[in-house]
Amino acid sequence: MSLAHGYAVHDQTAPLVPFSFERRPVGAGDVRIQILYSGICHSDLHQARDDWGGSKFPMVPGHEIIGRVTEVGAGVTGLKVGDFAGVGCMVDSCRHCEACDQDLEQYCHNGATFTYNSTERDSGQPTFGGYSDHIVVEQRFVVKVSEKLDLKAAAPLLCAGITTYSPLRHWKVGPGQKVGVIGLGGLGHMGVKFAKAMGATVVMITTTPEKGADAKRLGADEVLVSRDPAQMKAHAGSFDFLLNTIPVSHDTNPYMSLLKRDATMCLVGVLTELDPPLMGASVMFGRKHITGSAIGGMAETQEMMDFCAEHNIVSDVEVIDIKTVNEAWERMAKNDVRYRFVIDMATLAA
């Protein structure tokens, strides 16, 4: 066992405070990682506040982890001490169901083991996340990170990155397609970067005209203000794919009118009910599709990291001292970040 230090919440109304706990020993297939940077995801706040139910305390959040390998088990291949490595939303799965056999561990039929607020399969001990100085993870759930990438800005790739990359790849976004990214936040800004790098014509769809300049800086070819009926009418029936990153309940019906016949809108942000409900006519007329996507499997996550290294894609981040993490959470709740907070874990010992 090794003593770890981090920050935890102890109930759903409490702030993050310093917390020490034990990590398991490094087994034959395990990798120990010194955490250098930990991204802050909005789901960290949702889990800590028990917005989705099932939260367990104490909780050490964080599933956007970049670090350096400091120890490997005897059976580890592909990673060695000194390598840069990443850990995302999962640290295990059953490894033998149909989904796991197809490298889709995020859809494990027996339930993936999440990086925090979950339970280790073997020991039954709680999992604690990346707001800490080190972590021990089975090698299958660790990705190698290129030295070409800005490590602090690469941390959010492990959640915000793969959440947007996976559906774009699954629905084969590429040259000749017109792709809309709905919502310019932590997910949306990554969607714009990926869709552009894949060769699509990218339209940023937003309710806020002031975000237009930033969207074009990120790579958008055009900006569509969804509250402008004339703009919506001009774009009706013209999109091959829509990536909807809005994280709260909203009206999806107007966006469905933007799709071509047989085209798809994919939800990656909202986990709660759609309000108002989706109208049957929105999908019937044009044989349109509305679907959803979670993160990617581990093979796809490694593919994404390699794609990012090739195309020099990272997140736009604001790096913070861990001692200001509660203020960062307050700002994140107000959408006051462009576009992802990342904790410099060296500040834990400062």
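Residues numbered from 1 in each chain as written. Predicted model: local features only at pLDDT ≥ 70, side-chain atom pairs only at ≥ 80, totals over all residues. Heavy atoms only, no water.

As named in an unreviewed UniProt entry, the chain is NAD(P)-dependent alcohol dehydrogenase, taken from Stenotrophomonas aracearum. Recorded in UniProt under Sequence similarities (unreviewed entry), the annotation for the chain is "Belongs to the zinc-containing alcohol dehydrogenase family." Listed in UniProt under the heading Cofactor (unreviewed entry), the comment for the chain reads: "Zn(2+)". (UniProt positions renumbered as here; feature names shortened; annotations may be inferred.)

**Q** How should the overall build of the chain be read in this particular structure?
**A** Within the chain, the secondary structure is distributed over 11 helices and 17 strands. Relative to its length of 350 residues, the chain is compact, with a C-alpha radius of gyration of 20 Å against a globular reference of 20 Å. Over its C-alpha atoms, taken along the principal directions, the chain stretches across nearly 60 × 40 × 35 Å. Accessible surface computed for the chain: about 14,800 Å², of which carbon and sulfur atoms make up 52%. (Helix = DSSP H or I, 4+ residues; strand = E, 2+ residues; numbered from the N terminus. Rg over C-alpha atoms; globule rule 2.2 N^0.38 Å. Areas by Shrake-Rupley, 256 points an atom, 1.4 Å probe, with all protein chains shown as cover.)

**Q** Looking at this model, I keep getting lost on the environment of Val31. Mind explaining?
**A** Mapping Val31 onto the fold places it in strand S3 (residues 30-40). Residue classification places Val31 among the buried residues on the basis of a relative accessible area of 0%. Between the C-alpha atoms of Val31 and Asp321, which are 290 residues apart in sequence, the distance is 26 Å. If near-sequence neighbours (up to four positions away) are discounted, Val31 is found in contact with Val69, Glu71, Val72, Val76, Leu79, Ile135, Val136, Val137, Gln139 and Val142. (Buried < 20%, exposed > 50% of the residue type's maximum accessible area, 1.4 Å probe, protein only. Contact = heavy atoms within 4.5 Å.)

**Q** Looking at this model, I keep getting lost on helix H4 (residues 160-170). Mind explaining?
**A** Since the α-helix advances by 3.6 residues per turn, residues separated by three or four positions end up pointing in the same direction. In terms of residue burial, H4 counts as a mostly covered element, since 9 of its 11 residues are buried. Downstream of H4 by a residue or two, Lys172 has a phi angle that is positive, lying close to 55°.

**Q** Where do I start with the nonpolar core in this structure?
**A** The nonpolar side chains of soluble globular proteins are, as a tendency, buried together. Counting 93 residues, the largest nonpolar core has Ile40, Leu149, Leu157, Phe194, Val325 and Trp329 as the members making the most contacts within it. Among residues more than four places away in sequence, those in contact with Val325 are Tyr7, Leu16, Ile40, Tyr131, Ile320 and Ile343. The next biggest cluster of nonpolar side chains, apart from the first, holds 16 residues, and it includes Val203, Ile205, Ile246 and Leu259. (Core = buried A, V, L, I, M, F, W, Y, C linked by side-chain atoms within 4.5 Å.)

**Q** Explanation requested: the UniProt feature "domain: Enoyl reductase (ER)" (unreviewed entry) in the chain in the structure shown.
**A** Mapped onto the present numbering, the UniProt feature "domain: Enoyl reductase (ER)" (unreviewed entry) falls on residues 8-343. The span residues 8-343 is 25% helix and 26% strand, and its two end C-alpha atoms sit 14 Å from each other.

**Q** Quick question: what am I supposed to make of the packing of aromatic side chains here?
**A** Given two aromatic rings, their pairing is described by the distance between the two centres and the angle made by the two planes. Tallied over the entire structure, the rule returns 8 aromatic pairs. In this arrangement the basic side chain of Lys178 is found over the ring face of Phe239, its NZ or CZ atom lying 4.4 Å from the centre. (Phe/Tyr/Trp six-rings, centres within 6.5 Å; stacked < 30°, edge-to-face > 60°. Lys NZ or Arg CZ within 6 Å of the ring centre and 35° of its normal.)

**Q** Teacher, can you tell me more about the sheet that holds strand S13 (residues 239-244) here?
**A** Adjacent strands of a sheet form backbone hydrogen bonds with each other and so pair up, either parallel or antiparallel. If you walk across this open sheet you meet the 6 strands as S12-S11-S10-S13-S14-S15, and the pairing is parallel. Every other strand in the sheet has two partners, leaving strand S12 (222-225) and strand S15 (289-292) as the edge strands with one partner each. When strand polarity is set aside, the average angle formed by the axes of neighbouring strands in this sheet is 20°. Here 4 bridges tie strand S11 (residues 201-206) to S12, and the two strands are oriented parallel to one another. Residue pairing across strands places Met204 opposite Val223, the latter belonging to S12. (Pairing = 2+ DSSP bridges. Axes fitted to C-alpha atoms, helices over the stretch in contact; angles between N-to-C directions.)

**Q** So what exactly am I meant to see when it comes to helix H5 (residues 186-197) here?
**A** For H5, spanning 12 residues, the distance from its first C-alpha to its last is 17 Å, which sits close to the expected 16 Å at 1.5 Å a residue. Among the 12 residues of H5, 10 are classified as buried, and the element is accordingly described as predominantly covered. Here H5 has its buried residues at Gly186, Leu187, Gly188, His189, Met190, Gly191, Val192, Lys193, Phe194 and Ala195. Gly199 sits one or two positions beyond H5 and adopts a positive phi of about 100°. (Expected span 1.5 Å × (residues − 1).)

**Q** Just checking my understanding: could you explain the pairing of strand S14 (residues 259-267) for this structure?
**A** Where a strand is regular, its side chains alternate between the two sheet faces. Here 5 bridges tie S13 to S14, and the two strands are oriented parallel to one another. Paired with Phe239 across the bridge in S14 is Leu259. Bridge analysis of S14 against S15 gives 4 bridges, and the strand direction is parallel. The residue bridging Met265 from the neighbouring strand is Ile290, located in S15.

**Q** It is not clear to me how the state of the cysteines should be interpreted in this structure. Could you clarify?
**A** Here the structure, examined in full by the defined rule, presents 0 disulfides. Not engaged in a disulfide, the cysteine Cys97 finds its nearest cysteine sulfur in Cys94; these two sulfurs lie 3.6 Å apart. (Disulfide = S-S within 2.5 Å.)

**Q** Just to check I follow, could you spell out unusual backbone geometry for this structure?
**A** A negative phi holds for most residues other than glycine; trans holds for most peptide bonds. The omega angle of the peptide bond from Phe57 to Pro58 is 0°, so this bond is cis rather than trans. Turning to its location among the elements, Pro58 is positioned in the loop between helix H1 (42-48) and strand S4 (65-72). Of note, the amide linkage connecting Arg338 to Tyr339 takes the cis form, showing an omega dihedral of -5°. Relative to the elements of secondary structure, Tyr339 occurs in the loop between helix H11 (325-333) and strand S17 (340-344). Even without a glycine there, the phi angle at Asp103 is positive, about 60°. A positive phi angle, near 55°, is found at Lys172, a position not held by glycine.

**Q** Help me out: how do you make sense of the environment of Leu278 in this one?
**A** Along the chain, Leu278 turns up in the loop between S14 and helix H9 (280-284). With relative accessibility at 29%, the residue Leu278 sits in the partly exposed group. C-alpha of Leu278 to C-alpha of Thr252: the two residues are 26 residues apart in sequence and 6.5 Å apart in space. If near-sequence neighbours (up to four positions away) are discounted, Leu278 is found in contact with Thr252, Asn253, Met256, Val283 and Ile290.

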